[in-house]
Amino acid sequence: MTSITLPLKKIPGQRPRLPTFFGGRKITAPAVLLSTIPFTLYLYLRLSQGNPLSYNLIGLLPYLGGFVSIFGYIMKSKRAMEMMIEADLDEAEEIFMESRDYFRKLLTSNIAFSIILTAMFSYYLITKGGTLLFTTGLISVASIGIALSSILRMYDWKSTLDYFIIAFAFESVFLIFAFNGPVWLALIFPASSVSMMDMILRGIKEYNLRSLFEKMIN
Amino acid sequence: MQLNVAMISEGSYPTGKGGVSEWCHSLISGMNDVRFNVFSMSSEKGLRYALPGNVDEVLVEHLHSPDFKHGIDENYAGDLMKELTPALSGAPLDCDELLRLSKRSEFSADELLGSDVNWNTAIAYYKENFDGKAFAPFYIFWTSLFYILYKTLESVGKVPMSNVYHALNAGYAGLLGCLTKLKTGGSLIVTEHGLYFKERRFELSNSGIPSWLHGMYEKFFESLVRTSYRYSDMVTSVCRDHTRFQRGIEPNLKETRVIYNGIDTEKFRSNKVKNDREHFNIGTVTRITPIKDILTFIRSAKHVLEKHDATFYIVGGVEDEEYFEECQGLVEELDLEEHVKFTGFQDSLEWYPKFDVFALPSLSEGFPLTILESLSFGVPCVATGVGGVPEILGEDYLVEKWDPEGLASKISWLLENPEDRRRIGVEGRELVESKFSLERMISEYRKLYEEMI
């Protein structure tokens, strides 16, 4: 008789394949961010018209910040989940609160960062008419927002794929606005990515130790 | 009254291969005039058998990874949980009350799993019993036990209506049988091939589950087994040894009966006469899983090969990949690559006639069909004296568990005495024809079914 009594792949004694702190795959957020790069580069190269190495490259700098944030999240998440497996209930609660606080701060700082950058790029557009810096800056900010909000995805592939579809649709529409104008309409994208991050921030408030274990097992 | 039987299985027929599945398939195929339904809880989806014409309906409750759904009425979940928590102390469940509650409202296993009540009960139990231990393994373990229990409750109305319910083991299948029987007014037979409780205990010892969780696991399955025994109208065993254990664990068990397994002696017959030869074939037909103790079989090969030229065949599919790797590692370590062969899953009918001796070093068995099959082919057997094996083989052919030298010594004796080997083969065939034929087994179950309606 084949046993059905230990049906979970993640049984105690066997090292479970740990999800991230919010239950998703480690690969999702970096992969979503990477998948947006071709859109951004295309926009940049198309608009820079033979002069790619200019000060407009500043518009791509937010990507760097995005990768640092996501890498930080993955590392912190990995450590937290490894400790969680060994911890008793009180310790688990402590690790949970500390990690949740870290992620809340990470998202809050990214929201603030996105708002400041969007304001700066907009100011530049208004005062100097720098369309290229404005659009590349905004697409970078918006892409980071999408990638960071994908950390709450579930572990399954379908859910991960859904997010790629969202990211592709988001970026494609951005390109249409950037090329066909009016260019200021592109402000919708960083605004909506900030609002997505804010929504997730609210979701994190309700995220508790029980939700974490449910996602770990699911 | 038309006899209508619902087979209730757990991880076996018709989605899995193995002794219990073969037994069930033979039983159904051998009773053309009886209508059967099959309900199976299984982690596999596909059917592994072409179903006989007398099977009306097959339902497989697929056990996938649990999904925690929220929104169930917590008062209701609380009432259900109150009836289920005795499982944690080893006490039998009150099936009448469980059934009454399960009729009160619709629910799914995923909703029960996602209820506040499930979480709070787990936390309370953890604090009372395991405070200070790692919480994650506990909660994962809790979920793996209760998820299937909830699935069992969810399945009560799904078993096709019949006048006799036949659970192929105690445990979840037995519990489902109890609840279904009470709901529909039919009768329940529980057949124990191996002892479910002992098998779970063995499974535990090989699972790598932290030892502090073992007690919880044992109590949980003790409860399911006792419930199955208490509410069934008849518990059948495949050997006398099991009956003693069953009465010991559940004093309120109503009735027990031993019905030996049987095989089709015409199918398992060979006219080939083995010549005396220099090279011998020793075989075992088994799933590759720790309970079958293939490691002892391999170690015994080393001893036999000191005196005889032989090849050792392990005929059967791999059920536990990690254990298979361990077996392969041992073969390499003992330098036996030329002499020990894993054939994978094959038609055993083609293999028995090739064997000079059949060996079965299992750590636990019910009433192994493979021994009957090899004897039917006139192949002498050596086996561990577990479960019903002593009721088939004489003392001379039994060995202790984990004893490769003892096993090797009995095998060698048979190889060195061709006349005795042949005589024992002939006697084995006669024994199977007279006591362990499929016709006899089917006729005894038919009689039992008729008694139940």
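Residues numbered from 1 in each chain as written. Chains lettered and ligands numbered in written order. Predicted model: local features only at pLDDT ≥ 70, side-chain atom pairs only at ≥ 80, totals over all residues. Heavy atoms only, no water.

## Describing the overall build of chain A
The number of helices and strands found in chain A is seven helices and zero strands. With respect to the principal axes defined by its C-alpha atoms, chain A has extents near 70 × 35 × 25 Å. Of the contacts formed within chain A by residues at least 6 apart in sequence, a portion of 82% connects residues at least 24 apart. Split by element, the accessible area of chain A, about 10,200 Å² in all, is 67% carbon and sulfur. Once the 20 positive and 15 negative side-chain charges of chain A are each reduced to a mean point, those two points are 9 Å apart. (Helix = DSSP H or I, 4+ residues; strand = E, 2+ residues; numbered from the N terminus. Contact = heavy atoms within 4.5 Å. Areas by Shrake-Rupley, 256 points an atom, 1.4 Å probe, with all protein chains shown as cover. Lys, Arg positive; Asp, Glu negative; His and termini not counted. Charge placed at Lys NZ, Arg CZ, Asp CG, Glu CD.)

## A few points about the overall build of chain B
Along the backbone of chain B there are 16 helices and 13 strands. Since a compact globule built from 453 residues should have a radius of gyration of about 22 Å, the 23 Å found for chain B is in line with a globular shape. Principal-axis analysis of the C-alpha atoms gives chain B an extent of 75 × 60 × 40 Å. Across the 453 residues in chain B, those meeting the buried criterion constitute 61%. Here the analysis covers contacts within chain B between residues at least 6 apart in sequence; of these, 72% occur between residues at least 24 apart. (Rg over C-alpha atoms; globule rule 2.2 N^0.38 Å. Buried < 20%, exposed > 50% of the residue type's maximum accessible area, 1.4 Å probe, protein only.)

## A short note on the confidence of the model for chain A
Residue and element names in this part refer to chain A. Summary statistics for chain A give a mean pLDDT of 84 and a share of 90% for residues scoring 70 or more. Mean pLDDT across the secondary structure elements of chain A bottoms out at helix α5 (residues 157-180), with 85, and peaks at helix α3 (residues 89-128), with 91. Within the model, the stretch residues 7-14 combines pLDDT values under 50 with 28 contacts to residues more than four positions away or in other chains. (pLDDT = per-residue confidence, 0-100.)

## What to know about the interface of chain A and chain B
Every contact between the two is made by 25 residues of chain A and, on the other side, 47 residues of chain B. When chain A packs against chain B, close to 3,200 Å² is buried across both sides, 68% of that on carbon and sulfur atoms. Counting the contacts that link chain A with chain B gives one salt bridge. Counting the contacts that link chain A with chain B gives six residue pairs in polar contact (both at pLDDT 80 or more). (Buried area = accessible area lost by both parts, 1.4 Å probe. Salt bridge = Lys/Arg side-chain N within 4 Å of Asp/Glu carboxyl O. Polar contact = N/O pair within 3.5 Å; in protein donor to acceptor, adjacent residues only side chain to side chain.)

## Some remarks on the sheet that holds strand β8 (residues 279-285) of chain B
All names here are of chain B. With respect to topology, six strands assemble into an open sheet ordered β10-β9-β8-β11-β12-β13, the strand pairing being parallel. Strands at the two margins of the open sheet, each flanked by one partner only, are β10 (340-344) and β13 (398-399). Where β8 and strand β9 (residues 309-315) come together, seven bridges link them in parallel fashion. Across the sheet, the residue bridging to T284 is I314, located in β9. (Pairing = 2+ DSSP bridges.)

## Observations regarding helix α4 (residues 131-149) of chain A
In this model α4 of chain A runs 27 Å from its N-terminal to its C-terminal C-alpha over 19 residues, within 8% of the 27 Å that 1.5 Å per residue would give. Counting buried positions along α4 of chain A gives 18 out of 19 residues, so the element sits mostly inside the fold. (Expected span 1.5 Å × (residues − 1).)

## What to know about the pairing of strand β1 (residues 4-10) of chain B
Residues and elements named next belong to chain B. The buried fraction of β1 is high, at seven of seven residues. Pairing geometry for β1 and strand β2 (residues 35-42), over seven bridges, is parallel. From the neighbouring strand, S9 faces β2, where its bridge partner is S40. Regarding topology, helix α1 (residues 19-29) serves as the crossover connection from β1 to the parallel β2, and that connection is right-handed. By the bridge criterion, four bridges tie β1 to strand β4 (residues 164-167) in an arrangement that is parallel. Each bridged residue has a counterpart across the sheet, and for A6 the counterpart in β4 is Y165. (Right-handed = clockwise from strand over helix to strand, strands pointing away.)

## Structural notes on the packing of helix α7 (residues 209-217) of chain A against helix α6 (residues 135-154) of chain B
Close contact between α7 of chain A and α6 of chain B brings their axes to 11 Å; oriented N to C, the two are set at 65°. As α7 of chain A runs across α6 of chain B, the sense of the crossing is right-handed. Counting all contacts with α7 of chain A, which are made through F213, M216 and I217 of chain A, the residues of α6 of chain B involved are F135, A136, Y139, I140 and T143 of chain B. Its residues placed into classes, the contact of α7 of chain A with α6 of chain B shows seven nonpolar, one polar and no charged. (Axes fitted to C-alpha atoms, helices over the stretch in contact; angles between N-to-C directions. Left-handed = near helix turned anticlockwise from the far one by under 90°. Nonpolar A, V, L, I, M, F, W, Y, C, P; charged D, E, K, R; others polar.)

## Considering a negative patch on the surface
Where like charges cluster on the molecular surface, the negative patch consists of D90, E91, E93 and E94 of chain A together with D131 of chain B. Looking at the secondary structure, you find D90 of chain A in helix α3. (Patch = residues over 30% accessible without salt bridge, like charges linked within 9 Å, V, L, I, M, F, W, Y side chains within 5 Å.)

## Points about the packing of aromatic side chains
Counted according to the given criterion, the structure contains 57 aromatic pairs over all chains. Between the aromatic rings of Y73 of chain A and F103 of chain A, the centroid separation amounts to 4.7 Å while the plane-to-plane angle is 70°, which identifies the pairing as edge-to-face. Of this pair, Y73 of chain A sits in helix α2 (residues 61-86) while F103 of chain A sits in helix α3, and the two are 30 residues apart along the sequence. Residues Y73 of chain A and F103 of chain A agree in their burial class; the two are buried. Considering the side-chain rings of F197 of chain B and F245 of chain B, the 6.2 Å spacing of their centres and the 25° angle between planes classify their relative orientation as stacked. (Phe/Tyr/Trp six-rings, centres within 6.5 Å; stacked < 30°, edge-to-face > 60°.)

## Side note on the nonpolar core
The biggest cluster of nonpolar side chains holds 134 residues, and the ones touching the most others in it are F213 of chain A together with F138, Y139, W142, F146, Y172 and M216 of chain B. Ranked by residue count, the leading element in this core is α6 of chain B, at 14 residues. The contact partners of F138 of chain B, leaving out residues within four places of it in the chain, are A122, Y125, Y126, F130, W212, L213 and M216 of chain B. (Core = buried A, V, L, I, M, F, W, Y, C linked by side-chain atoms within 4.5 Å.)

## Comments concerning the packing of helix α13 (residues 369-376) of chain B against helix α15 (residues 418-435) of chain B
Residue and element names in this part refer to chain B. Orientation of α13 relative to α15, taken along the N-to-C sense of each, is 120°, at an axis distance of 7 Å. The pairing of α13 with α15 is recorded here as oblique in orientation. Crossing handedness for the pair α13 and α15: left-handed. Judged by residue contacts, L372, L375 and S376 of α13 engage G425, G428, R429, L431 and V432 from α15. (Parallel < 35°, antiparallel > 145°, perpendicular 65-115°, else oblique.)

## A few points about the sheet that holds β4 of chain B
All names here are of chain B. A sheet is described by the order of its strands in space; here seven strands give the open sequence β3-β2-β1-β4-β5-β6-β7, paired in parallel fashion. The sheet is open, and its two borders are formed by β3 (55-62) and β7 (256-258), each paired with just one other strand. With strand direction ignored, the average angle separating the axes of adjacent strands in the sheet is 20°. By the bridge criterion, three bridges tie strand β6 (residues 234-237) to β7 in an arrangement that is parallel. When the bridges of β7 are listed, S237 appears paired with V258.

## Quick look at the side chain of T118 of chain A
All names here are of chain A. The topology assignment puts T118 in helix α3. The exposure class of T118 is buried, given its relative accessible area of 13%. Those residues in contact with T118, other than ones at most four positions away along the chain, are L138, V141, L187 and P190.

## Some points on unusual backbone geometry
One can expect most non-glycine residues to show negative phi and most peptide bonds to be in trans. Residues and elements named next belong to chain B. Cis geometry is found at the peptide bond from Y13 to P14, where omega equals 0°. Within the element layout of this structure, P14 appears in the loop between β1 and α1. Here D293, not a glycine, exhibits a phi torsion of approximately 45°, which is positive. Among the secondary structure elements, D293 is positioned in the loop between β8 and α11 (294-304). Here W402, not a glycine, exhibits a phi torsion of approximately 50°, which is positive. The residue W402 is located in the loop between β13 and α14 (404-416) in this model.

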